[in-house]
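# Architecture at a glance
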Amino acid sequence: QVQLVESGGGLVQAGGSLRLSCAASGDISSIDVMSWYRQAPGKERELVAAIATDGSTNYLESVEGRFAISSDNTKSTVYLQMSSQKPEGTAVYYCNGILKQEGENHHDQWGQGTQVTVSS
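Throughout this description, residue numbers start from 1 for each chain and increase along the sequence as written. Under the rules for a predicted model, residues below a pLDDT of 70 receive no local features and side-chain atom pairs below 80 are neither given nor counted, while totals for whole chains, interfaces and linings still include all residues. Note: side-chain values were computed over all heavy atoms of the structure, leaving out hydrogens and water.

## Some points on the state of the cysteines
Our working definition of a disulfide is a cysteine sulfur pair at a distance within 2.5 Å. In this structure the tally under the stated criterion is one disulfide. Two residues, cysteine 22 and cysteine 95, share a disulfide whose sulfurs are 2.1 Å apart. Between cysteine 22 and cysteine 95 the disulfide shows an S-S torsion of about -85°. By sign, it is left-handed. Of the two residues, cysteine 22 is situated in strand 3 (residues 18–26) and cysteine 95 in strand 9 (residues 91–100); the sequence distance between them amounts to 73 residues. Taken individually, cysteine 22 and cysteine 95 each receive the classification buried, so the pair is uniform in this respect. The way it works is that DSSP assigns letters per residue, a run of H or I at least four long becomes a helix, a run of E at least two long becomes a strand, and they are numbered from the N terminus. For every residue, the accessible area (1.4 Å probe, protein chains only) is compared with the maximum for its type, and the residue is labelled buried under 20%, exposed over 50%, or partly exposed between those bounds.

## Section: the environment of asparagine 105
Following the sequence through the fold, asparagine 105 ends up in the loop between strand 9 and strand 10 (106–110). Considering only alpha carbons, one finds asparagine 105 and glutamate 44, 61 residues apart in sequence, at a separation of 26 Å.

## Considering the pattern of salt bridges
Salt bridges, as used here, are contacts in which a Lys or Arg side-chain nitrogen is within 4 Å of a carboxyl oxygen on Asp or Glu. According to the stated counting rule, one finds one salt bridge in the structure shown. Between arginine 38 and glutamate 46 there is a salt bridge, with the nearest N and O atoms lying 2.9 Å from each other. Judged by its relative accessible area of 6%, arginine 38 is buried. Classification of glutamate 46 as partly exposed rests on a relative accessible area of 30%.

## Describing the nonpolar core
The tendency in soluble globular proteins is for nonpolar side chains to be buried side by side. To qualify as a nonpolar core, a set must consist of buried Ala, Val, Leu, Ile, Met, Phe, Trp, Tyr and Cys residues joined through side-chain atoms within 4.5 Å. Among the nonpolar cores identified, the biggest contains 27 residues, and Leu20, Met34, Trp36, Leu80, Met82 and Tyr93 are the most heavily contacted of them. Looking at this core, the elements with two or more residues in it are strand 1 (2–7), strand 3, strand 4 (31–39), strand 5 (46–52), strand 7 (67–71), strand 8 (77–82), strand 9 and strand 11 (114–119).

## Some details on the packing of aromatic side chains
Pairing of aromatic rings covers Phe, Tyr and Trp, the last counted by its six-membered ring, and requires centre-to-centre distances within 6.5 Å; plane angles under 30 degrees mean stacked, over 60 mean edge-to-face, and any other angle means tilted. Counted according to the given criterion, the structure contains two aromatic pairs. With a centroid separation of 6.4 Å and 85° between ring planes, the pair formed by tyrosine 94 and tryptophan 110 is classed as edge-to-face. Of the two residues, tyrosine 94 sits in strand 9 while tryptophan 110 sits in strand 10, which places them 16 residues apart along the sequence. Relative accessible area serves as the criterion here: at 31%, tryptophan 110 is assigned to the partly exposed category. By the ring-pair criterion, three or more aromatic residues cluster together here, those being Tyr37, Tyr94 and Trp110. Lysine NZ or arginine CZ positioned within 6 Å of the ring centre and within 35 degrees of the ring normal marks a charge as sitting over the ring. We note arginine 45 situated over the ring of tyrosine 94; from NZ or CZ to the ring centre the distance is 3.8 Å. Here arginine 45 stacks its cationic end above the ring of tryptophan 110, 4.7 Å away from the centre of that ring.

## Quick word on the environment of serine 30
Mapped onto the elements of the fold, serine 30 is located in the loop between strand 3 and strand 4. Through-space distance from the C-alpha of serine 30 to that of leucine 80 is 21 Å; in sequence the pair is 50 residues apart. Any pair of residues with heavy atoms lying within 4.5 Å of one another is described as a contacting pair. In this view, serine 30 contacts Val2, Ile98, Leu99 and Lys100; residues no more than four positions away in its chain are not counted.

## Section: unusual backbone geometry
The phi dihedral of serine 84 falls on the positive side, at around 50°, and the residue is not glycine. Considering the arrangement of structural elements, one finds serine 84 in the loop between strand 8 and strand 9. The exposure class of serine 84 is partly exposed, given its relative accessible area of 38%.

Remember that the coordinates give geometry; whether it matters functionally is a separate question.
Right, dumping it as C-alpha cells:
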C-alpha cells in the first residue's frame, strides 16, 4: 500500500512559476510510474506529466517545455515544476501512482488533490 500526499498548490500569476510536491509513503518499491493529473472546472481530468522508474518522462502537449516532472532517488517525493503558467492551468492537480502488484497486474493510487489558481 502507498499513500500519496500533495502540497504546494496556491495562487500564481500568469507567466509565473509554482512547484507541486507529492510525498509517497508505504511500499515505495511497488511504484512503476508517478504522474500528475489536473481537472479544471467543467472539464475532464487530464494527464499533465508522468515519470517512470527509469527516469523517462512524457508531458501533455500544451505544457511541453514549460513544466518539468522529477523525483528524488528513492521516489519518496515527486515534483511538478510549473513555469510560464497560463490561466487555463487553473485546476485541481492530483498525484497518481501506478503500482505494480503480483504478476503483471497494476493499480492506481491517487492523492487528495491540490488547488492551483492562475490569475490573468
